[in-house]
Amino acid sequence: LPSQLFWCDLGRGASRAAAHYTYTYTPIPSDNLPLEKDLNETLLRSLLGGHYDPGFMATSPPEDRPGGGGGAAGGAEDLAELDQLLRQRPSGAMPSEIKGLEFSEGLAQGKKQRLSKKLRRKLQMWLWSQTFCPVLYAWNDLGSRFWPRYVKVGSCFSKRSCSVPEGMLCKPSKSVHLTVLRWRCQRRGGQRCGWIPIQYPIISECKCSC
């Protein structure tokens, strides 16, 4: 099989872009946390308006939210991630790099022997399943300074190679932004606290790249 199914330069671009997919916030110890009166769900939903997405946001811990990392919990998360990967199958249009393969390498020189359409299709589907890079979603607890507190974030499965021959990995290639609220306090002219909208990026697409 040809080894150059994907271009490494595209992979490097995706790797550079991946740096923008993680929102980090280090709280200042003196920051005030929102009080119960500041967590009026009706008011906060009105602040978010149409940006509230129940498919990717939750105000209470979702049932399928993974536990904390480390020890047995970390192993359970790995199994859950692998199970989620195995449940997904390639969908949509087959990548042109795979669809255009003839699988003629290795045949005797001068012979015009070609694989049957059925066998060629099977090989293409097998190769597609090996190089398929789905987005794996899991709930993330952003902490009490964010509302909604729980957001579904994406990741790329990178515990096995996605190329034939091996060597390439699934890496982030695209992202989308969710609008959530963050609790912010300002000390200028006396301390004032309130909710402000921020853009929270999540991975929306993964690609097999260098």
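Residues numbered from 1 in each chain as written. Predicted model: local features only at pLDDT ≥ 70, side-chain atom pairs only at ≥ 80, totals over all residues. Heavy atoms only, no water.

1. Focus on the sheet that holds strand β6 (residues 192–209)
Piece 1. On the basis of which strands lie adjacent, the open sheet formed by 3 strands has the order β3-β5-β6 and antiparallel pairing. Of all strands in the sheet, those bounded by a partner on one side alone are β3 (146–147) and β6.
Piece 2. Sheet topology places strand β5 (residues 169–186) next to β6; 17 bridges connect them, and they run antiparallel. Across the sheet, histidine 177 pairs through a bridge with proline 201, a residue of β6.
Piece 3. Across the sheet, helix α2 (residues 41–48) lies against β3, β5 and β6, angled at about 125 degrees from β5, the strand it touches most. (Pairing = 2+ DSSP bridges. Helix = DSSP H or I, 4+ residues; strand = E, 2+ residues; numbered from the N terminus. Contact = heavy atoms within 4.5 Å. Axes fitted to C-alpha atoms, helices over the stretch in contact; angles between N-to-C directions.)

2. Comments concerning the confidence of the model for the chain
Piece 1. When pLDDT is averaged along the chain, the result is 75; 66% of the residues meet or exceed 70.
Piece 2. Low pLDDT, under 50, characterises residues 1–30; the stretch is placed with 45 contacts to residues that sit more than four places away or in other chains. (pLDDT = per-residue confidence, 0-100.)

3. Topic: the state of the cysteines
Piece 1. Going through the model one piece at a time under the given rule, you end up with 4 disulfides.
Piece 2. Linked covalently through their sulfurs, cysteine 156 and cysteine 206 form a disulfide whose S-S length is 2.0 Å. Handedness here is read from the sign of the S-S torsion; for cysteine 156 and cysteine 206, about -90 degrees, the answer is left-handed. On the criterion of sequence distance, the pair formed by cysteine 156 in strand β4 (residues 150–156) and cysteine 206 in strand β6 is long-range, its members being 50 residues apart.
Piece 3. Judged by relative accessible area, which is 7%, cysteine 206 ranks as buried. (Disulfide = S-S within 2.5 Å. Buried < 20%, exposed > 50% of the residue type's maximum accessible area, 1.4 Å probe, protein only.)

4. Focus on the pattern of salt bridges
Pairs can form between side chains of opposite charge once their charged atoms are near each other.
Piece 1. For the structure shown, the criterion picks out 4 salt bridges.
Piece 2. Measuring nitrogen to oxygen at the nearest pair gives 2.7 Å for the salt bridge that ties arginine 149 to aspartate 141.
Piece 3. For arginine 149, a relative accessible area of 31% gives the class partly exposed.
Piece 4. A salt bridge links lysine 174 to glutamate 205, with the shortest nitrogen-to-oxygen separation between them at 3.9 Å. Of this pair, lysine 174 sits in strand β5 while glutamate 205 sits in strand β6, placing them 31 residues apart in sequence.
Piece 5. Owing to a relative accessible area of 27%, glutamate 205 belongs among the partly exposed residues under this scheme. (Salt bridge = Lys/Arg side-chain N within 4 Å of Asp/Glu carboxyl O.)

5. Notes on unusual backbone geometry
Piece 1. In this structure, the amide linkage connecting tryptophan 147 to the following residue, proline 148, adopts the cis form with an omega of -5 degrees.
Piece 2. Of note, proline 148 is situated in the loop between β3 and β4.

6. Some points on helix α5 (residues 117–131)
Piece 1. The terminal C-alpha atoms of α5 lie 21 Å apart, and with 15 residues this matches the ideal 21 Å at 1.5 Å per residue to within 8%.
Piece 2. Within α5 the residues assigned to the buried category are Gln124, Leu127, Trp128 and Thr131. Seen end-on, α5 carries its buried residues on one side only, within an arc spanning 100 degrees. Counted as exposed and oriented over 90 degrees from the buried face of α5: Lys118 and Lys122. (Expected span 1.5 Å × (residues − 1). Arc of directions from axis to C-beta.)

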